[in-house]
Each structure stands twice: as C-alpha cells, then as structure tokens.
Amino acid sequence: MTDLGFLSASHLAPLIQKKQLSPVELTKHLLKRIDVANPTLNAFITPLHEVALKQAKQAEQQIVNGHYKGPLHGIPIGIKDNYETEGIRTTGGSKIFFHYVPPKNAVSVDKLLAAGGIMLGKMNMNELGAGSSGHNPVFGVTRNPWNHDYLPGGSSSGSAAALAAGLAPLTTGTDTFGSNRIPAAMSGVYGLKPTYGLISSRGVLPSAWSLDHPGPITRSSADLALMLNYMAGFDPHDPPSLRASVTDYTAALTQEMNGMKIGIPTYYLEGLDPDIEKLFQNARSTLKKLGAEIKEIEIPELAMATFAGLAITASEAAAYNFETLLTQSDDYGQDVRSILSSGTLTSAVQYLEAQQARRALTRAFHKAFEEVDLLLGPTIPIATPKISRKWVKQNLDLIMGTLPFTVPANLTGIPALSVPMGLDSNGLPAGMQFMGRHLSEQLLLQAGSAWETTQPLRYNRV
Amino acid sequence: MKSKKFLKQAFKSNGMPVKKGDVKYIGMLFTNVAKEQMTLKEFPEVKNEVPMTIVDKGELWYD
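Residues numbered from 1 in each chain as written. Chains lettered and ligands numbered in written order. Predicted model: local features only at pLDDT ≥ 70, side-chain atom pairs only at ≥ 80, totals over all residues. Heavy atoms only, no water.

Caption draft 1: The arrangement of the pattern of salt bridges in detail. Counted according to the given criterion, the structure contains eleven salt bridges over all chains. Of the charged contacts in the structure, one is a salt bridge between E49 of chain B and R363 of chain A, with a shortest N-O distance of 2.5 Å. With E49 of chain B in the segment after α2 (23-37) and R363 of chain A in helix α11 (residues 348-371), this pair bridges two chains. On the basis of relative accessible area, R363 of chain A is assigned to the partly exposed category, the value being 47%. (Salt bridge = Lys/Arg side-chain N within 4 Å of Asp/Glu carboxyl O. Helix = DSSP H or I, 4+ residues; strand = E, 2+ residues; numbered from the N terminus. Buried < 20%, exposed > 50% of the residue type's maximum accessible area, 1.4 Å probe, protein only.)

Set out below in structure tokens:
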C-alpha cells in the first residue's frame, strides 16, 4: 500500500471528504516523516508543527460538522519561504530577512488557507530566488531525495524535494527564470509557471518584478490544476495582475493528446547532454504514439533570450536590493552578492535593449502559436549535477546552464509546465516543458495529464 | 573578462563597496551579459521596438 506521504491531493481529498481519513492523522503522519527526513534533505527552513496541527484540528472539526469546503480542505501545503506568512518568519532564504515576521499573508497564502489548506511549513530555497541549484549559505543546501549527493534544483528547492520525498502533497514556488520548473525537472515532480499576472504576486518577496511568477509545484498535473483553481484570480492591488476570467482547471484533464499540434523549436535541440537528448527523443516518440502531431520549428529570436533574461534579472534584483547591498553586503551569500553587484553595473541601455528583445521574442512566440498548439523542449539541457563544494561557482554556472531554456517563458509571460521526462544514467530525474499561448493553462495541464499516463519515471530510462 | 581594475573603478565611482573575492564572479557575470548582448546584432529590427515595460496601460486613466 502506498504510504500516505506519497498520495496526491486529488487522491487524499475524497478520503477526507468521506471522513475515511482525518486531516489530523494525515498532518501528524507528514510531520513525523519531516522529522525523520528533513535533517538530511533540508527541504524545510521552518516546519510548522503547532500551526499545522492547529489548522488540521480546525479543518477536521469543520468537516465533521458538515462544513466541507472543497478539495483543499484538510490538505497540508508547503509554502516557499518567500511567500509572506502572518506571524511566521519569512526569510526568502536570506540573512537579510532572517528576523522578518510579516504582519499578513501573501494573497496566495490567504486563498489556500481560506480553501481549508493546512500550512505545513516554510520551504528552503536559493537565497532570494537567485539560483537554479538549491544551495543556500544560510540554511544549508537542499539535497535531492533521489540521491542525496545530487542537487534538487532551485530556486524552489525545498518545495520540489519535499514532494519527491513524500513530505508534502502540495507546495508553492516562484519562477523568475525557471525556479518552479528547474527543481521540478531535477527532482522528478510537476512545476507550473502560469501566465504572467494570473496569480497575484502581492506578499511574495520580489526577485525581479517583471519576471516573477508565483505558481504551484506538485506530484501530478491534476494537483497543479487543483492548486491553480484557488491561487489564480485578479488582484486589483497587484499591478501585474491580469483581469482574466478564471476557469476550473481540473475540468480539462481528459488525458487526451489526439491531434494536438506540438512544435519543437530547434533552439531546444542544441547543446543537450547526451542523456537528455536520448530521453527527449524517446519522449517525442511516445508523444506521437499518444496521437500528438510533432514538428520542428524555427524561432530565431530565442537567441536573444539569455541576454534579456540576464540583464533584466540582474538589474531589477539590484534595484530592489540596492540599499541593503550598500549597508549589509556581508549578509548576502557570495553568489547573490555577485549577481546583485553585477546588476548595478548593467547600463540603462542594456536594460532597455533587453526589453526591446523581449517584445520581439513575445511577437515571435505569438507567430509560432499560429502554427502549433504547444511548444515543447527539455526543461533544461543538462543532467542533474552532483553537489559541489565550490557552491558559489556551481550556482552561477548552473544559472548559465539552465536559464537559456527556461527564461523565454518568463520574458514572454507565457505559461510553461515542466513534467518528469525520465531517468538519466545516474538514476536522476530529467524534465521536459510544454509551453502554450497566454492563458492556455488548461491545455498545458491536459497535455501534462496525458503524458503522465505513460509513467515516464518508470519507463523512460537511459 | 572585464579587467579587475575596470570593475573596481566602476564600483568606486558608483559609491558601491565591493569585496575582493567577488570580483572574479562579477567579472564572469559581466562578461556573460556582454557576450550574450552580441546576439542582438543579428536582429537589427529590434532597435525599433518599444521596450516592453515602458507603456503600462494599467496606469493610464481617461476619465
């Protein structure tokens, strides 16, 4: 029998609704698992035993009294530590916010709690979201549950590792240049970066305003849809928020891929590690068998994405951190301090050229979506790396090794979904990402759900 | 990579403190951005684009 820790929220919810599973029992079980695994994995910065049990008891009481709120009621959720939480320390993975206790919750946290979710803990992350590795100089590196000698990916490292280790059924993440999708790929879980502005970023510590995307990370497409149902929605007090109608994202999980037109930009076939190349070729064949029509396409403007991503991220992050960089530079890790310092030297001309490139890239993507329903590529071109002692260099190198594949979706604001693609020759997970038109989350989740039926971590191995 | 001297002077003129050990990493990042910026040369039409963040219609009021 599957341990409760590995059951998806979509499986747990009916058990809770039918009163076959108690939220208190579930929460206690997960907290026990966290107590055993977290000293090694370092997925949680702050496990919330008391808060979680209090919320679980409250949920249980409501359900027993016949006030079942819906499929998140009584489900424990890990919250990335850059989402503000009322009365609970929110560090952003940094010494800069080491003692910061916010007066209120981020909008997304409020929504998840209002739906009956239980806050299980605050998750480890790369400092201020500035990295792809999972290294953290303050709270320690998060380890990959598949093999503790390997990185889990970042910046939402704790979220992805907790899911892979069966410590939480649902988690939140943020994605500025790949931070939901990279750890999802390296840890073998599902990470969604929604359309820019679909989920309110109010109350989430900024990394780079124009690229920041809050979103869910889970163990299935159905669970992503479930979380999106509650997290999405217009926020009049959040400038980037979209006035878009929110739909029931769980409704389209038909697991159908027949006739879906998928384009693979040739950009995503260049510079792949041999293992990634092989797994991706296998995945292409499998998608065809599922009924997808696949063709390679050219989007030359993708060549500008790395420049635009680097220049915008570094500049915006430097602007946000400028005062503390002057007064508390010792409190930043060397990797993040170097990124922020380089951002202070990015010229206004470079920043604006990056924003010009961004508009051209967005237009090029719109054109591509006239031909195909979805775009596809490996989430990152490299295999999951081992943890290096030279963590500063490794974090900076890993940004350069992963950002070119992930940042195009941040620059253009299109939704992107990373799904497990298979296992590499070291037995570590690799991911691939579907990208769609703005607000095409339903289609992405449908594709993810169809792909999931092929059990890629079991059957696609190098 | 930009010379260490150049970077140190740039920080000094901006009134920014910089740690000796950071300079090699900053130089690496700076060089990466400059190298990637060269890709724009293949797309001269990009110069005619309005930068993405300049026009924020959400802040315009007509009544």
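Caption draft 2: Region of interest: the environment of F434 of chain A. Residue and element names in this part refer to chain A. Tracing the chain through its elements places F434 in strand β11 (residues 429-436). The class of F434 is buried, set by a relative accessible area of 0%. Separated by 242 residues in the primary sequence, F434 and L192 place their C-alpha atoms 9.7 Å from one another.

Caption draft 3: View of the sheet that holds strand β2 (residues 76-80) of chain A. Residues and elements named next belong to chain A. Spatial strand order, β1-β3-β2-β4-β6-β5-β10-β11-β9-β7-β8: eleven strands in an open sheet with mixed pairing. Looking along the sheet, the strands with just one partner apiece sit at the ends: β1 (44-47) and β8 (293-297). Each neighbouring strand pair of the sheet contributes to a mean axis angle of 30°, computed without reference to strand direction. Sheet topology note: the strand β4 (residues 170-175)/strand β6 (residues 213-218) ladder contains six bridges and is antiparallel. (Pairing = 2+ DSSP bridges. Axes fitted to C-alpha atoms, helices over the stretch in contact; angles between N-to-C directions.)

Caption draft 4: Structural context of the interface of chain A and chain B. If you look at the interface, chain A gives 39 residues, while chain B gives 31 residues. Taking both partners together, chain A and chain B bury about 3300 Å²; carbon and sulfur atoms supply 66% of that area. Considering only the side of chain A, the residues that lose the most area to chain B are L345, Q356 and R359 of chain A, jointly responsible for 20% of the buried surface there. At the boundary of chain A with chain B, the tally comes to four salt bridges. Elements with a minimum of two residues in the side of chain A that touches chain B: α9 (305-327), α10 (334-345), α11 and α12 (391-412) of chain A. For the side of chain A that touches chain B, the residue count by class is 18 nonpolar, twelve polar and nine charged. (Contact = heavy atoms within 4.5 Å. Buried area = accessible area lost by both parts, 1.4 Å probe. Nonpolar A, V, L, I, M, F, W, Y, C, P; charged D, E, K, R; others polar.)

Caption draft 5: Quick look at the side chain of S108 of chain A. You can see S108 of chain A is positioned in helix α4 (residues 107-114). The class of S108 of chain A is buried, set by a relative accessible area of 1%.

Caption draft 6: Focus on the environment of P300 of chain A. Residue and element names in this part refer to chain A. Within the element layout of this structure, P300 appears in the loop between β8 and α9. Given a relative accessible area of 48%, P300 falls into the partly exposed group. Distance from P300 to G333, taken between C-alpha atoms, is 36 Å for residues 33 residues apart in sequence.

Caption draft 7: Layout of the packing of α9 of chain A against α12 of chain A. All names here are of chain A. Remark: α9 packs on α12, axes separated minimally by 8 Å, with the N-to-C direction vectors making an angle of 85°. Judged on the interaxial angle alone, α12 and α9 are roughly perpendicular. Within the contact between the two elements, α9 uses A305, T306, A308, G309, L310 and I312 and α12 uses M400, L403, P404, V407, P408 and L411. (Parallel < 35°, antiparallel > 145°, perpendicular 65-115°, else oblique.)

Caption draft 8: Local environment of empty space enclosed by the protein. Residue and element names in this part refer to chain A. Here the structure, examined in full by the defined rule, presents three cavities of 30 Å³ or more. In this structure, the largest cavity occupies an estimated 240 Å³ of space. In terms of lining, the largest cavity is formed by 20 residues, of which the most central are A130, F177, T313, A314 and I339. With five residues, the single largest contributor to the lining of the largest cavity is α9. A breakdown of the residues in the lining of the largest cavity according to their chemical character gives 14 nonpolar, six polar and no charged. Counted as a void, the second largest cavity has a volume near 60 Å³. Around the second largest cavity sit 13 residues that line it, and Y196, G197, I199, D212 and P214 are the ones nearest its centre. Here the residues of the lining of the second largest cavity are counted per class, giving seven nonpolar, four polar and two charged. (1 Å grid on protein atoms, 1.4 Å probe; cavity = no way out; pocket = protein on both sides within 12 Å on 5 of 7 lines; lining within 4 Å. Points joined across faces, edges and corners; volume = space filled by probe spheres on them.)

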